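Secondary and tertiary structure notes
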Amino acid sequence: MDKVAHKSIQVNGLNLHVAEIGSESSPAVIFLHGFPEIWYTWRHQMIAVANAGFRVIAPDFSGYGLSDPPAEPEKATFADFVNDIVSILDSLAISKVFVVAKDFGAMIAYPFAMLHPEKVAGLIALGVAFLPPAAFKQNFGLLPEGFYVRRWQVNNFNISSIFTCIKLQTMDLNLVEGFGIWGLLELESLEPGRAEADFGRLDAKTVVKNIYILFSKSELPIANENEEIMDLIEPTTPLPSWFTEEDLATYGTLYEKSGFRTALQVPYRQVHLDQTMHLDVVPTEPHPKVEAPTLLIMGEEDYALKLMREYIKSGEMNKYVPDLETIYVPHGSHFVHEQFPDQVNQLILTFLDRNKHRVPA
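Residues numbered from 1 in each chain as written. Predicted model: local features only at pLDDT ≥ 70, side-chain atom pairs only at ≥ 80, totals over all residues. Heavy atoms only, no water.

1. Focus: the overall build of the protein chain
If you tally the helices and strands in the protein chain, you get 14 helices and 10 strands. Each of the 361 residues in the protein chain was classed as buried or not, and the buried ones make up 58%. With the model as given, the accessible surface of the protein chain reaches about 14800 Å², and the carbon-plus-sulfur share is 49%. (Helix = DSSP H or I, 4+ residues; strand = E, 2+ residues; numbered from the N terminus. Buried < 20%, exposed > 50% of the residue type's maximum accessible area, 1.4 Å probe, protein only. Areas by Shrake-Rupley, 256 points an atom, 1.4 Å probe, with all protein chains shown as cover.)

This is the structure we're talking about:
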């Protein structure tokens, strides 16, 4: 990792951290992390992709890692993060890019590809499929109160679309329905709640450790009524074999710096599990699509696959992502890129090689 350069880019009044490796003249690949991650989650992929002749960029989202937090974290939106990615690429003079995104990073990558198709040469998503409203509600809406996403939310939501947040005057409102999960919810500023109290009992390193262990399992993380999410992991439970104490220390140090204030807002308090779309204008045009070639990588033992398996296999996602290939990694968890880096690296490199002609020389 010594070859990875680190820089700070000023974006919308914030200094955002970007890790980078590879020649500036090479085709660019941007890696978008999930939770409880930072740029470091891509440590195995960055080196392999750079060695294959690509320029690799891995930012920390605002409020994560070494990046500045939003001025008002409780008002941060997915739209802000989409706009930040656009600004980072513009600042680096990158006109077209491959996007590799995991977990909620994919929830930023899909709308980014829809809003800016001219900027996207190809998209690789790990762990999260594109879900339109009906599929999202069907797969997530009936989960119990103890499901971790519900526990990390609060109750009072003010519905507003991502497009209001982006404030694009030329935005076609027909995009709204296609965004589905990304027709997002803007949260009013509220007092800290159950998640803050749960996390606050532990240091940041232990919180990250517990979530890594929890999300590495194949079972859905669901707590009983009088149980907290952090209580689902016994203190003596070991780390997954592929996640070292050194890795945990890196995460722990940076989450001690950033805290979890922004992370609880984006993604968890920007997603409403009982969401329905409320539109003033009924769309009349066809559903928007991710036009770029797309690869969805799912670990066969990813707990999230329990919620999406039938939807993915039904072919419904192809209506929105027509040039889609889905690959399942045997024994893979939610962190399949860290668990089986060589296998995932090969999938990524094969996809990039097949589509690199889409980036101007």
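2. Here's the deal with unusual backbone geometry
Omega for the peptide link from Phe-35 to Pro-36 comes to 10 degrees, which places this bond in the cis form. Residue position: Pro-36 is located in the loop between strand E3 (28–32) and helix H1 (43–51). Of the consecutive residues Val-266 and Pro-267, the connecting peptide bond is found in the cis state with omega at 25 degrees. Mapped onto the elements of the fold, Pro-267 is located in the loop between helix H11 (261–265) and strand E9 (294–299). A positive phi angle, close to 50 degrees, is found at Asn-12, a residue other than glycine. Structurally, Asn-12 is set in the loop between strand E1 (5–11) and strand E2 (14–21). Notably, His-331 is not glycine yet its phi reads approximately 70 degrees, a positive angle. You can see His-331 is positioned in the loop between strand E10 (324–329) and helix H13 (336–339). Under the relative-accessibility criterion, His-331 is labelled exposed at 53%.

3. Quick word on the pairing of E1
For E1 and E2, the ladder comprises 7 bridges, and the chain directions are antiparallel. From the neighbouring strand, Ser-8 faces E2, where its bridge partner is His-17. Linking E1 to E2, which pair antiparallel, is a turn of 2 residues; within it Asn-12 sits at a positive phi near 50 degrees. (Pairing = 2+ DSSP bridges.)

4. Description of the environment of Phe-35
Mapped onto the secondary structure, Phe-35 falls in the loop between E3 and H1. The class for Phe-35 is buried, based on a relative accessible area of 1%. Residues Phe-35 and Ala-263, spaced 228 residues apart in sequence, show a C-alpha to C-alpha distance of 7.3 Å. Apart from the residues within four sequence positions on either side, Phe-35 is in contact with Tyr-64, Asp-103, Phe-104, Trp-152, Ile-211, Phe-215, Tyr-255, Phe-260, Ala-263 and Tyr-268. (Contact = heavy atoms within 4.5 Å.)

5. Some points on the sheet that holds E3
Hydrogen bonds between backbone atoms are what pair the strands of a sheet, whose relative direction is either parallel or antiparallel. Sheet architecture is open: 8 strands sit in the order E1-E2-E4-E3-E5-E6-E9-E10, paired in mixed fashion. The sheet is open, and its two edges are formed by E1 and E10, each paired on a single side. The sheet shows a mean angle of 20 degrees between the axes of neighbouring strands, direction not considered. On the sheet, helix H2 (residues 78–91) packs against E1, E2, E3, strand E4 (55–59) and strand E5 (97–102) and is oriented at approximately 115 degrees with respect to E1. Against the sheet, helix H3 (residues 104–115) makes contact with E3, E5, strand E6 (120–126) and E9, and its axis sits at roughly 145 degrees relative to E5, the strand it touches most. (Axes fitted to C-alpha atoms, helices over the stretch in contact; angles between N-to-C directions.)

6. Comments concerning the confidence of the model for the protein chain
Per-residue pLDDT for the protein chain has a mean of 85; in total, 82% of the residues score no lower than 70. Ignoring residues within four places in sequence, the model shows residues 155–191, a span with pLDDT below 50, making 89 contacts including any to other chains. pLDDT under 50 marks residues 274–285. Its contacts with residues more than four places away, or in other chains, come to 20 contacts. (pLDDT = per-residue confidence, 0-100.)

7. Some remarks on the packing of aromatic side chains
Summed over the entire model, instances satisfying the criterion amount to 35 aromatic pairs. Here Phe-243 and Tyr-251 contribute two aromatic rings whose centre-to-centre distance is 5.5 Å and whose plane-to-plane angle is 50 degrees, an arrangement assigned as tilted. Of the two residues examined, Phe-243 and Tyr-251, each falls in the buried class. Over the aromatic face of Tyr-328 sits the side chain of Lys-313, whose NZ or CZ is 5.7 Å from the ring centroid. (Phe/Tyr/Trp six-rings, centres within 6.5 Å; stacked < 30°, edge-to-face > 60°. Lys NZ or Arg CZ within 6 Å of the ring centre and 35° of its normal.)

8. Examining the packing of H2 against H3
The N-to-C vectors of H2 and H3 enclose an angle of 65 degrees; their axes lie 9 Å apart at closest approach. Compared by their axis directions, H2 and H3 come out roughly perpendicular. Of the two possible hands of crossing, H2 and H3 adopt the one that is right-handed. Between H2 and H3, the contacting residues are Phe-78, Phe-81, Val-82, Ile-85, Val-86 and Leu-89 on the first element and Phe-104, Met-107, Ile-108, Pro-111, Phe-112 and Leu-115 on the second. (Parallel < 35°, antiparallel > 145°, perpendicular 65-115°, else oblique. Left-handed = near helix turned anticlockwise from the far one by under 90°.)

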